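# Chains, contacts and geometry: an overview
Listed below, chain by chain, are the residues.
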Amino acid sequence: MRRFLIAGNWKMNCGPYDAAELLEGLKEKKADVDENVDVLVCPPFVSIGMAVNYLHDTDIQVGAQNLHFEENGAYTGEVSGSMIAESGCNYVIIGHSERRQYFGETDTTVNKRSHKALEHKLAPIICVGESLDQRKSDEHFHLVKNQVTAALFDISEDDVLDVVIAYEPIWAIGTGETASPEQAQEMHEHIRKVIAELYSEDTAERINILYGGSMKPANAKELLSQPDVDGGLIGGASLDAASFSEIITIAEELS
Ligand code: PGA
């Protein structure tokens, strides 16, 4: 019932020139994607227009890495949901741990941004995940439950079907260390249970839960084979056309 979503989070990499090169490589390898797999790239804001133009004749979609929860006005440096939608995006990453850690993002602002995204028909990819200390002190299940619950506050059952959750253990992001397939599966199952409690079993079964944290061609198959892992939010490996395409191929083979 669920389709894989393979999403590239470029973070603060690739202005328009580098983006063009990366997209050119990606297009050569993966302009056509199996119908059971959704593919997405999330460049920095300045490269979104370029990505939308480059990819318009492919199966690859474009998303943003953040949005502001106000509609418009005196918010220097911010970009609104309507602007992102107007630029041709249909997804937006929200509450990445780097935003929580460096830019004061909280569960409350994650919730406000998610509402705004949905209002503009942008599917929010809401990031949750624990630090190594939180895992070591056995707080991870509780923490992730709270993050998911807060992020989805006041989102209707209809709207939540457009939400994507990305489980990204902070200790696995950009470190080369990956959650084991078992660790990923048990957390994804937990998240689905939390959603079932908030909404219903049926809704929980329909929501995509991605894994993020050093996913690469060498570990993608094991991770994507887990029953509750519905795709990946991929940082480092999405900056290399060959690696990202390989992960897409793995998802195609598993779907
Ligand atoms: P990584 O990043 O794949 O480089 O670990 C994932 C993410 O932060 O979304």
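Residues numbered from 1 in each chain as written. Predicted model: local features only at pLDDT ≥ 70, side-chain atom pairs only at ≥ 80, totals over all residues. Heavy atoms only, no water.

### As for the overall build of the chain
On a plain count of helices and strands, the chain comes out with twelve helices and eight strands. On C-alpha atoms alone, the chain measures out to a radius of gyration of 17 Å, which is about the 18 Å that the 2.2 N^0.38 rule sets for 255 residues. In terms of overall dimensions, the chain has C-alpha extents of about 45 × 45 × 35 Å along its principal axes. Residue burial in the chain is summarised as follows: out of 255 residues, 54% are buried. Sequence separation of at least 24 residues holds for 74% of the intrachain contacts in the chain that already meet a minimum separation of 6. Carbon and sulfur atoms make up 48% of the accessible area of the chain, which amounts to about 11,400 Å² in all. (Helix = DSSP H or I, 4+ residues; strand = E, 2+ residues; numbered from the N terminus. Rg over C-alpha atoms; globule rule 2.2 N^0.38 Å. Buried < 20%, exposed > 50% of the residue type's maximum accessible area, 1.4 Å probe, protein only. Contact = heavy atoms within 4.5 Å. Areas by Shrake-Rupley, 256 points an atom, 1.4 Å probe, with all protein chains shown as cover.)

### Let's talk about the site of the ligand
Taken together, 13 residues lie near the ligand, and Lys-11, His-96, Glu-168, Gly-174 and Ser-214 sit nearest. Glu-168 places a polar side-chain atom, nitrogen or oxygen, 2.7 Å from an oxygen atom of the ligand. In the environment of the ligand, an oxygen atom lies 2.7 Å from a nitrogen or oxygen atom belonging to the backbone of Gly-174. In terms of residue class, the shell around the ligand is built from four nonpolar, seven polar and two charged. (Near = heavy atom within 4 Å. Polar contact = N/O pair within 3.5 Å; in protein donor to acceptor, adjacent residues only side chain to side chain. Nonpolar A, V, L, I, M, F, W, Y, C, P; charged D, E, K, R; others polar.)

### A closer look at a negative patch on the surface
A surface patch of like charges, here negative, comprises Glu-157, Asp-158, Asp-159 and Asp-162. Locating Asp-159 in the fold gives a position in helix 8 (residues 157-160). (Patch = residues over 30% accessible without salt bridge, like charges linked within 9 Å, V, L, I, M, F, W, Y side chains within 5 Å. Salt bridge = Lys/Arg side-chain N within 4 Å of Asp/Glu carboxyl O. Lys, Arg positive; Asp, Glu negative; His and termini not counted. Charge placed at Lys NZ, Arg CZ, Asp CG, Glu CD.)

### Let's talk about the sheet that holds strand 6 (residues 164-167)
On the basis of which strands lie adjacent, the closed barrel formed by eight strands has the order 1-2-3-4-5-6-7-8 and parallel pairing. The sheet shows a mean angle of 25 degrees between the axes of neighbouring strands, taken without regard to direction. In this structure, strand 5 (residues 123-128) lies alongside strand 6, joined through four bridges in parallel fashion. Each residue of the ladder has a partner; that of Ile-126, found in strand 6, is Ile-165. Docked against the sheet, helix 12 (residues 241-254) engages strand 1 (4-9), strand 2 (37-42) and strand 8 (231-234), running at close to 170 degrees with respect to strand 1. (Pairing = 2+ DSSP bridges. Axes fitted to C-alpha atoms, helices over the stretch in contact; angles between N-to-C directions.)

### Some words on the environment of Ser-214
Locating Ser-214 in the fold gives a position in the loop between strand 7 (208-212) and helix 11 (217-224). For the pair Ser-214 and Gly-235, spaced 21 residues apart in sequence, the C-alpha separation works out to 7.2 Å. When neighbours within four sequence positions are excluded, Ser-214 is seen to be in contact with Ala-172, Gly-174, Thr-175, Gly-176, Glu-177, Thr-178 and Asn-219.

### Details of the packing of aromatic side chains
Inspection of every chain in the model, using the stated rule, returns two aromatic pairs. Arranged with centres 6.3 Å apart and planes meeting at 80 degrees, the rings of Tyr-102 and Phe-103 form a pair that is edge-to-face. Judged by its relative accessible area of 55%, Tyr-102 is exposed. (Phe/Tyr/Trp six-rings, centres within 6.5 Å; stacked < 30°, edge-to-face > 60°.)

### Remarks on the environment of Lys-30
Examined against the element boundaries, Lys-30 turns out to sit in helix 1 (residues 16-30). By relative accessible area, Lys-30 is classed as buried at 9%. Put simply, Lys-30 and Leu-5 are 25 residues apart on the chain and 14 Å apart in space, counted from C-alpha to C-alpha. Beyond its immediate stretch of four places on either side in the chain, Lys-30 contacts Ile-60, Ser-245, Ile-248, Thr-249 and Glu-252.

### Points about the pairing of strand 2
Among the six residues that make up strand 2, six are buried, leaving the element largely enclosed by the rest of the structure. Residues Val-37, Val-39 and Val-41 point to one face of strand 2 and Asp-38, Leu-40 and Cys-42 to the other, with burial holding for every one of them. Across six bridges, strand 1 lies against strand 2 in parallel orientation. Residue pairing in the sheet places Phe-4 in a bridge with Val-37 of strand 2. After leaving strand 1, the chain enters helix 1 and then returns to the sheet as strand 2, a path that is right-handed. Examined bridge by bridge, strand 2 and strand 3 (residues 60-64) share three bridges and lie parallel to one another. When the sheet's bridge partners are listed, Leu-40 is paired in strand 3 with Gln-61. In terms of handedness, the path from strand 2 via helix 2 (residues 48-55) over to strand 3 forms a crossover that is right-handed. (Right-handed = clockwise from strand over helix to strand, strands pointing away.)

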